[in-house]
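Inside the fold
Next come the chains, spelled out residue by residue.
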Amino acid sequence: MKRILLVDDHGMARKAMKLFLEHHGYACQEAEHGAAALAWLEQGQNVDLIISDNQMPVMTGLEFLAHVKASTHFCSIPFILYSGNMTDEMKQQAHQAGVVAVLNKPYNFSDFVAIITKALE
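Below, the structure is looked at part by part. (Residues numbered from 1 in each chain as written. Predicted model: local features only at pLDDT ≥ 70, side-chain atom pairs only at ≥ 80, totals over all residues. Heavy atoms only, no water.)

1. Here's the deal with the overall build of the protein chain
Of the regular secondary structure elements, the protein chain holds five helices and five strands. Relative to its length of 121 residues, the protein chain is compact, with a C-alpha radius of gyration of 13 Å against a globular reference of 14 Å. Across its three principal directions, the C-alpha atoms of the protein chain cover 30 × 30 × 30 Å. When the 121 residues of the protein chain are sorted by exposure, 45% land in the buried category. Contacts in the protein chain between residues far apart in sequence, at least 24 positions, make up 63% of those at least 6 positions apart. (Helix = DSSP H or I, 4+ residues; strand = E, 2+ residues; numbered from the N terminus. Rg over C-alpha atoms; globule rule 2.2 N^0.38 Å. Buried < 20%, exposed > 50% of the residue type's maximum accessible area, 1.4 Å probe, protein only. Contact = heavy atoms within 4.5 Å.)

Right under this line is the structure:
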């Protein structure tokens, strides 16, 4: 079973995404912001994919992405970033850092599953 790390400061959004992804056969771990997710990864936890919101306190998704891609231990983990208000410049930064996809909220769940499937191939 593929493991996904969900990073979002909105608990209800994380729970809804987790239920949706578990229904599609994925195991999910949750974190409320990038710093918490990074700490969890640094404890030696393994995941097959990271899905992160961008707008979060403590550490944004873009900041978290930068830390993940700079690490020799985590840099190969596929990363999907989403947000309701990313500028074109922010999207370009994310793509340059190596995200699989940048999604705008609200996103289509069937497209979301297709992106996840492709990221995990």
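Alright, that's what it looks like, and here's the rest.
2. Remarks on unusual backbone geometry
Phi is positive for Val58, which is not a glycine, with a value near 70 degrees. Tracing the sequence through the fold places Val58 in the loop between β3 (49-53) and α3 (61-70).

3. A closer look at the nonpolar core
With 24 residues, the main nonpolar core has Leu5, Val7, Leu41, Ile50, Phe64 and Phe79 as its most contacted residues. Filtering out sequence-adjacent residues up to four positions away, Ile50 remains in contact with Leu5, Val7, Leu41, Phe64, Val68, Ile77, Pro78, Phe79 and Ile80. Membership of the second largest hydrophobic core comes to 16 residues, among which are Ile4, Leu21, Phe112 and Ala119. (Core = buried A, V, L, I, M, F, W, Y, C linked by side-chain atoms within 4.5 Å.)

4. A closer look at the sheet that holds strand β5 (residues 101-104)
Strand order across the open sheet formed by five strands is β2-β1-β3-β4-β5, with parallel pairing between neighbours. Every other strand in the sheet has two partners, leaving β2 (27-31) and β5 as the edge strands with one partner each. The average undirected angle you get between the axes of adjacent strands in this sheet is 20 degrees. In the sheet, β3 pairs with strand β4 (residues 79-83) via four bridges, with the strands oriented parallel. (Pairing = 2+ DSSP bridges. Axes fitted to C-alpha atoms, helices over the stretch in contact; angles between N-to-C directions.)

5. Some remarks on the packing of helix α1 (residues 11-23) against helix α5 (residues 109-119)
At a closest axis distance of 12 Å, the pairing of α1 and α5 adopts a crossing angle of 65 degrees. In this structure, α1 crosses over α5, and the sense of that crossing is right-handed. Contacts between α1 and α5 involve Met17, Phe20 and Leu21 on the former and, on the latter, Phe109, Phe112, Val113 and Ile116. (Left-handed = near helix turned anticlockwise from the far one by under 90°.)

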